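Spelled out, the chains give:
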Amino acid sequence: MEESRPRAMSASPWLFLLLLCVSCATGVFQAGAQPDNKGFITIDCGLSEETGYEHNTTKLWNAPDAAFTDAGTNHIISPEYVVVSMAKIWYSLRSFATGMRNCYTLRSLMPGLKYMIRARFMYGNYDGLDQPPVFDLHIGVNYWQTVNISGPKAPYLVEAIVIVPDDFVQVCLINTGDGTPIISGLDLRPLKRTLYPHATATQGLVLVDRRNFGPTDANAVVRYPHDPHDRLWWPKFDGITWANISTTEKVENREDDPFEVPTAVMQTAIIPQNASQNIEFSLYPEFTPKDPSPGYIAILHFSGLQRLPSNALQEFYVNVNGEQLSSLSFMPYYLFAVATYNSLPSQSGRSSCSITINATAKSTLPPTINAVEAFSVFPTTNVGTVSQDVSAITKIKAKYQVRKNWVGDPCVPNTMTWDGLTCNYGIASRPPKIISVNLSSGGIGGDISASFADLKAVKYLYLSNNNLTGSIPDALSQLTSLTVLDLSANQLSGSIPSGLLKRVQDGSLILRYGDNPNLCTNGNSCQPAKSTRSSTLAIYIAVPVAVILVIVLVVLLCCFLRRKKSGSVSNSVKPQNEMTMSYAMVNDVCADSSLRLESRRFTYKELQMITNNFQRVLGRGGFGYVYDGFLEDRTQVAVKLRSHSSNQGVKEFLAEAQILSRIHHKNLVSMIGYCKDGEYTALVYEYMSEGTLQEHIEGMRNGACLTWTQRLRIALESAQGLEYLHKGCYPALIHRDVKATNILLNAKMEARIADFGLSKAFSNENETHVSTNTLVGTPGYVDPEYQATMQPTAKSDVYSFGVVLLELVTGKPAILQEAVPVNIIQWVRQRLARGNIEGVVDERMRGGYDVNGVWKVADIALKCTAQASVQRPTMTHVVAQLQECVELENGRVGGNTNNGFHSGSSDDDPNLSYDAYTTDRSTSVNQNSTTFEMEHNVIRVPTMSTGPAAR
Ligand SMILES: *[C@@H]1O[C@H](CO)[C@@H](O)[C@H](O)[C@H]1NC(C)=O
Ligand SMILES: *[C@@H]1O[C@H](CO)[C@@H](O)[C@H](O)[C@H]1NC(C)=O
């Protein structure tokens, strides 16, 4: 199996050692860290051998892990836990006693491709403490799973399927305070894009269980090479209630098969012993403390293994937790693999997942099943630091051998930002960017890395008190945002590059370079300077710098104290409009955001200029008017100026500014800056040229009517914005005034939620609501439960959003002005109760919609507007449902009415027209997971219960 060995491994041991040393020394661990010719990476963690070894049955090359991580120590499990037949991978492990986050970096991947990542853990009392750890796993910057190794004997295996956005992926172990994280093995397998359609750019899959029914060898796990993707198919049989059936014929995969179950798995199946009974089994999930009831996906694989006589019929229904997966029956196809599954994760919250397969009344044969897979889903929506910054700072880390906590993503999550870095998570700054690097007194030597010039957003660069030598790269002058460059107290030589001098002269850069004895500053005579001269130089430089600093400080003070005169200082060194918001009115944090975001601060005078003296009014509300304006760079903006007579106080106004400065999402209107200048307060937003959703629903904008596709998209996008408030912010934010006038549309008709003046954060973790004394909101949209209790919850927003959905479906306002004003919810419920969807849908769409899609949206809306908040879905659920509607609609508009991504069933055989679109009902699949691979006689405890069930 030479060809599967990583490249460097097959080189001579000396060369390899050399490479290893080089890589240790530089911190770049590229050598030997390549995928093999199939794109596989197989790592035996903690292996002390230098070259790795070939796995005895798969013939895959297991590489040692030194090339993939630069932390941790090697260990082997305690001898008492070694079982003779145990696969070698379980013997060794790496433990990470220091650092909150430690990562493995898997490189040379294809950005955008789907990968299966599998990790193994066996504690085996390696440390003699008899205390298995509990820790978290992340894939890149997204939480994957909590590993709770329940006992020293239990091998533990986890698997995820994700789309990897970059050409590398990091698997990180996070110390959560419950013991030292360990790992025994790590595998990466590329998957085709078309496989596992449930895994998307924003959602990953976590394996719950994967079973091969009626295996020919009851102890064997089917994997590579039988499964070219090297999935592990654990055997499942039960000689009492089930009979095994099998074939030696090949079971074909269709060309568009999204699962490609290997023929070795599909060749075996089970049927009930007693032909009149059902097939019934359960999967038990591991408890996941972070998300006690995640959404589950169940995928069931079928194939006919016997050619049926013409008068025979094998037809059955599939039930997951008592809910039928589809109203249509299912028929296996002779020697073809076909799957059925729920397309949306089921959220039933049950603690186990029971699957029942029962024959239809017409069926002459008992039901059957060949294989099952179950997954839970996890969001992969966190975005890592911009990749150019990552590669630049990684090179800097390698060059100077920075250790600190420099592992994983540099900026994300913000609780684990690399020491010495500051990142901007702000408006227009997604993905996050590095804005400050402090390596002062860092003990670094050598020349100044050219990679600093690749940190395009950096403002502050502190490299003082080191042993840096060589000349100062002029490329640094190209960093337009660079405001402070501190190179003092180093061994730099040569002269100061002209580009930097120019930046200093024009006042855009503060440069500190004192105490560099060999640096010359007058350009023409560059002999090594004498010490007397250099100290004068230092003073020469230090004094103006100090003076400038004092001026800046004074100016800043003036700016705060004498608000009206602030216009007069706009030419000082530091750009005046960059201020740090520090109102401590809301003390909490949103995901990927920081408390100290830089928002532009405007003076009243500037606003006058921007709005051309408040000439064009865009709209008005309780607070005053919104004006049209243009920034210096011609960016169009909307300026919301609080009028003095406004009933929205300064406090609410600033609360909104504060909230907006820390929430950033593509479906929330973004704030460009704010003004608090004397009695004037204003917020400056991005310009939303298409106005409010309300105007579009009423047909007030050029009389055109929104199409169904547009409505669906607006619904989904605004739902995503709200979901972010509820889930992306911690503690959650409640908007409290969701309505069609607070959903704005930009030129591309993209929807954003606006107006956070009434938004409130949950003040503490255990509180599920906030209490206030005044009822806020807009008639027609207010949650009745909130009205009764005065305690708004996230579900109050869900209620209001349901009303918006109804407006989108009907084209009618929240309160219909009929003879007696009637609430839109009642109006719709009454009509739908009569089964009359056409009587509800906005007739201006002239039938340009799919009735099923409209039903579904109406159904979501009615669930959102349920009287009791517990019956309402969460915004996460609403987003998932709407996503499904959008996909359905895209499929329809694409001219392909009954085909979506559910191609697990046949489209050309009407008998197999198993429509998964109707199957989004709850189908909670539980897991007892995964636990461990029964690899060569390590016996896996069967965890599925089976039992006969009468029909
Ligand atoms: C780990 O699992 C055990 C047993 O299932 C449980 O008692 C314990 O609370 C879990 N630990 C953590 C930190 O979740
Ligand atoms: C940079 O880091 C050094 C050492 O950790 C520290 O003393 C110094 O205050 C930092 N400088 C700035 C500007 O944050």
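Rules used throughout
The numbering scheme is per chain: residues are counted from 1 as the chain's sequence reads. Both sets of labels track the order of writing: A upward for chains, 1 upward for ligands. Confidence filtering applies because this is a predicted model: local features only for residues at pLDDT of at least 70, side-chain atom pairs given and counted only at 80 or more, and all residues used for totals across whole chains, interfaces and linings. Side-chain calculation: all heavy atoms of the structure are included, whereas hydrogens and water are not. Numbering goes from the N terminus for both helices and strands, where a helix is a DSSP run of H or I of at least four residues and a strand is a run of E of at least two. Each residue is assigned to one of three classes by its accessible area relative to the maximum for its type, calculated with a 1.4 Å probe on protein chains only: buried under 20%, partly exposed between the two thresholds, exposed over 50%. Any pair of residues with heavy atoms lying within 4.5 Å of one another is described as a contacting pair. In plain terms, two cysteine sulfur atoms within 2.5 Å form what is called a disulfide here. The nearness test applies per residue and asks whether one of its heavy atoms lies within 4 Å of the molecule or strand. Here a polar contact is taken to be a pair of N or O atoms separated by no more than 3.5 Å, where protein atoms must pair a possible hydrogen donor with a possible acceptor and residues adjacent in sequence count only if both atoms sit in side chains. Surface accessibility in these figures is a Shrake-Rupley result with a 1.4 Å probe; residues are shielded only by whichever protein chains are displayed. The pairing criterion for strands is at least two bridges between them, as found by DSSP. Two aromatic rings, drawn from Phe, Tyr or Trp (for Trp, its six-membered ring), form a pair once their centres lie within 6.5 Å of each other, and the interplanar angle then sorts them: stacked below 30 degrees, edge-to-face above 60, tilted otherwise. Every angle, taken between N-to-C directions, lies between 0 and 180 degrees, and every axis is a line fitted to C-alpha atoms, over only the stretch in contact when it is a helix. For classification purposes, angles smaller than 35 degrees are called roughly parallel, those larger than 145 roughly antiparallel, those between 65 and 115 roughly perpendicular, and all remaining angles oblique. Here the nonpolar group is Ala, Val, Leu, Ile, Met, Phe, Trp, Tyr, Cys and Pro; Asp, Glu, Lys and Arg are the charged ones; every other residue, Gly included, is treated as polar. Left-handed is the label given to a crossing in which the near helix is rotated counterclockwise from the far helix by less than a right angle, and right-handed is the label when the rotation is clockwise. Think of a 1 Å grid over just the protein atoms. A cavity is a set of points where a 1.4 Å probe fits yet cannot get out, a pocket is an open set with protein on both sides within 12 Å along at least five of seven lines, and lining residues have an atom within 4 Å of a point. Grid points are joined across faces, edges and corners, and a volume is the space filled by probe spheres set on the points. Salt bridges are defined by distance alone: a side-chain nitrogen of Lys or Arg within 4 Å of a carboxyl oxygen of Asp or Glu. Here the expected span of a helix is defined as 1.5 Å times the quantity of residues minus one. Think of a nonpolar core as a cluster: buried Ala, Val, Leu, Ile, Met, Phe, Trp, Tyr and Cys residues, connected wherever their side-chain atoms sit within 4.5 Å. Throughout the structure description, domain borders are defined by an automatic or database domain assignment. On a scale of 0 to 100, pLDDT captures the predictor's confidence in every residue.

### What to know about the overall build of the chain
No. 1: For the chain, the helix and strand inventory stands at 14 helices and 48 strands.
No. 2: When the 951 residues of the chain are sorted by exposure, 55% land in the buried category.
No. 3: Sequence-distant contacts in the chain: of pairs separated by 6 or more residues, those separated by 24 or more amount to 71%.

### Quick notes on the state of the cysteines
No. 1: Throughout the structure, instances matching the rule amount to 2 disulfides.
No. 2: In this model Cys103 forms its disulfide with Cys172; the gap between the sulfur atoms is 2.1 Å. For the disulfide bridge between Cys103 and Cys172, the dihedral angle about the S-S bond is near 105°, and by the sign convention the bridge is right-handed. Placement of the pair is Cys103 in strand 6 (residues 101-106) and Cys172 in strand 11 (residues 169-178), with a sequence separation of 69 residues.

### Points about the site of ligand 2
No. 1: Around ligand 2 sit Asn438, Ser440 and Tyr462, and that is every residue in its neighbourhood.
No. 2: Taking Asn438, its side chain carries an N or O atom lying 2.3 Å from an oxygen atom of ligand 2.
No. 3: Starting from 360 Å² of accessible surface for ligand 2 in isolation, the protein chains cover 35%.

### Concerning the sheet that holds strand 23 (residues 353-359)
No. 1: Spatially, 18-23-20-21 is the arrangement adopted by the 4 strands of the open sheet, whose pairing is antiparallel. Pairing within the sheet leaves two strands with one partner each, and these edge strands are strand 18 (279-283) and strand 21 (323-324).
No. 2: With 5 bridges connecting them, strand 20 (residues 316-320) and strand 23 associate as antiparallel partners. From the neighbouring strand, Tyr317 faces strand 23, where its bridge partner is Asn358.

### Looking at the packing of aromatic side chains
In this description, an aromatic ring pair is defined by two values, namely the gap between the centres and the angle between the planes.
No. 1: In total, this model carries 22 aromatic pairs according to the counting rule given.
No. 2: A centroid spacing of 6.2 Å and a plane angle of 70° characterise the contact between Phe121 and Tyr156, whose relative ring orientation is edge-to-face. With Phe121 in strand 7 (residues 114-121) and Tyr156 in strand 10 (residues 156-163), this residue pair connects regions lying 35 residues apart in the sequence.
No. 3: Judged by its relative accessible area of 3%, Tyr156 falls in the buried class.
No. 4: Plain terms: the ring middles of Phe302 and Phe316 are 5.1 Å apart, the flat faces sit at 50° to each other, and that makes the pair tilted. In this pair, Phe302 sits in strand 19 (residues 296-302) while Phe316 sits in strand 20, placing the two residues 14 residues apart along the sequence.

### Some points on the site of ligand 1
No. 1: In the vicinity of ligand 1, the contacting residues are Val134, Asn148 and Asp178.
No. 2: Protein chains shield 35% of the accessible area of ligand 1, which is 360 Å² for the free molecule.

### Some points on the environment of Tyr604
No. 1: Among the structural elements, Tyr604 can be located in helix 6 (residues 604-610).
No. 2: When the C-alpha atoms of Tyr604 and Leu641 are compared, they prove to be 9.9 Å apart, with 37 residues separating the residues in sequence.
No. 3: Ignoring any residue separated from it by four or fewer positions in sequence, one finds Tyr604 in contact with Phe614, Leu641, Cys675, Asp677 and Tyr680.

### Notes on unusual backbone geometry
No. 1: Here the bond from Tyr224 into Pro225 is cis, since omega is 5°, no more than 30 degrees from zero.
No. 2: Following the sequence through the fold, Pro225 ends up in the loop between strand 14 (203-213) and strand 15 (234-236).
No. 3: Here the amide bond leading from Val412 into Pro413 is cis, since omega sits at -10°, within 30 degrees of zero.
No. 4: By the secondary structure assignment, Pro413 is in the loop between helix 3 (387-400) and strand 25 (421-424).
No. 5: Of note in the backbone geometry, Ser441 takes a positive phi value of approximately 50° without being a glycine.

### Some remarks on the packing of helix 9 (residues 708-728) against helix 11 (residues 794-810)
No. 1: As a packed pair, helix 9 and helix 11 sit with axes 11 Å apart at the nearest point and diverge in direction by 175°. One element, helix 9, and the other, helix 11, form an angle in the roughly antiparallel class. Only Ala794, Asp797, Phe801, Leu805, Leu808 and Val809 of helix 11 make contact with helix 9, whose side of the interface consists of Trp708, Arg711, Ala715, Ser718, Ala719, Leu722 and His726.
No. 2: Taken together, the residues of the contact of helix 9 with helix 11 break down into 9 nonpolar, 2 polar and 2 charged.

### Some words on the packing of helix 11 against helix 13 (residues 851-864)
No. 1: Two numbers describe how helix 11 lies on helix 13: the axes approach to 7 Å, and their chain directions differ by 150°. Here helix 13 runs roughly antiparallel to helix 11, going by the angle between their axes. By crossing handedness, the relation of helix 11 to helix 13 is classed as left-handed. Contacts between helix 11 and helix 13 pair Val798, Tyr799, Gly802, Leu805, Leu806 and Val809 from the former with Val854, Val857, Ala858, Ile860, Ala861, Leu862 and Cys864 from the latter.
No. 2: Residues of the contact of helix 11 with helix 13, tallied by class, amount to 12 nonpolar, 1 polar and no charged.

### Focus: empty space enclosed by the protein
No. 1: Here the structure, examined in full by the defined rule, presents 8 cavities of 30 Å³ or more.
No. 2: Taken as a whole, the largest cavity holds about 100 Å³ of empty space.
No. 3: Looking at the largest cavity, it is lined by 15 residues, and the ones nearest its centre are Arg736, Val776, Tyr781, Tyr786 and Ser800.
No. 4: Among the elements that line the lining of the largest cavity, the one with the most residues is helix 11, at 3 residues.
No. 5: A breakdown of the residues in the lining of the largest cavity according to their chemical character gives 7 nonpolar, 4 polar and 4 charged.

### Here we look at the pattern of salt bridges
No. 1: Throughout the structure, instances matching the rule amount to 27 salt bridges.
No. 2: Put simply, Lys397 and Asp70 hold a salt bridge, and the shortest N to O gap is 3.4 Å. One end of the pair, Lys397, is in helix 3; the other, Asp70, is in the loop between strand 3 (61-64) and strand 4 (73-76), with 327 residues separating them in the sequence.
No. 3: The partner of Arg231 in a salt bridge is Asp227, with the nearest N and O atoms 2.8 Å apart.
No. 4: Of the residues examined, Arg231 reaches a relative accessible area of 1% and is grouped as buried.
No. 5: Residue class for Asp227 comes out buried when judged on its relative accessible area of 0%.
No. 6: Among the charged side chains, a network of salt bridges with common partners joins Arg118, Arg120, Asp187, Arg189, Arg223 and Asp230.

### Some remarks on helix 13
No. 1: The end-to-end C-alpha separation of helix 13 is 20 Å, in line with the 20 Å expected for 14 residues at 1.5 Å each.
No. 2: What helix 13 keeps buried is the set Gly853, Val854, Lys856, Val857, Ala858, Ile860, Ala861, Leu862 and Cys864.
No. 3: In the core, the buried residues of helix 13 are packed alongside helix 9, helix 11, helix 12 (824-833) and helix 14 (875-893).

### Some points on the environment of Asn74
No. 1: Mapped onto the elements of the fold, Asn74 is located in strand 4.
No. 2: The spatial distance from the C-alpha of Asn74 to the C-alpha of Leu93 is 6.0 Å, given a sequence separation of 19 residues.
No. 3: The contacts of Asn74, once residues within four sequence positions are left out, are Gly46, Leu47, Ser48, Asp65, Leu93 and Arg94.
No. 4: Here the side chain of Asn74 touches Arg94 through a polar contact of 3.3 Å, side chain to side chain.

### Overview of the environment of Arg512
No. 1: Along the chain, the position of Arg512 falls in strand 32 (residues 510-512).
No. 2: In sequence terms Arg512 and Val484 are 28 residues apart; their C-alpha atoms lie 7.9 Å from each other.

### As for the nonpolar core
No. 1: Residues Ile663, Leu693, Phe756, Phe801, Leu805 and Leu882 are the most contacted members of the largest nonpolar core, which totals 74 residues.
No. 2: Shared between two domains, this core holds at least three residues of each, these being domain 4 (575-687) and domain 5 (706-895).
No. 3: Contacts of Leu882, omitting those with residues within four sequence positions, involve Ala715, Leu716, Ala719, Phe801, Leu805, Val857 and Ile860.
No. 4: In this structure, Phe68, Tyr81, Val158 and Val169 belong to the second largest nonpolar core, which totals 47 residues.

### Some words on the sheet that holds strand 5 (residues 92-95)
No. 1: Pairing is antiparallel in the open sheet, where 3 strands are placed in the order 4-5-12. Since the sheet does not close on itself, it has two edges, and those belong to strand 4 and strand 12 (182-183), each with one partner.
No. 2: Relative to strand 5, strand 4 runs antiparallel, the two sharing 4 bridges. Within the sheet, the bridge partner assigned to His75 lies in strand 5 and is Leu93.

### Some thoughts on the confidence of the model for the chain
Should pLDDT be low for a region, the predicted coordinates there are not to be read in detail.
No. 1: In the predicted model, the chain carries a mean pLDDT of 78, and the fraction of residues at 70 or more is 77%.
No. 2: Across residues 1-31, where pLDDT falls below 50, the model places 46 contacts with residues more than four positions away in sequence or in other chains.
No. 3: Overall, residues 896-951 carries pLDDT values under 50, and its contacts beyond four positions in sequence, including any with other chains, amount to 205 contacts.

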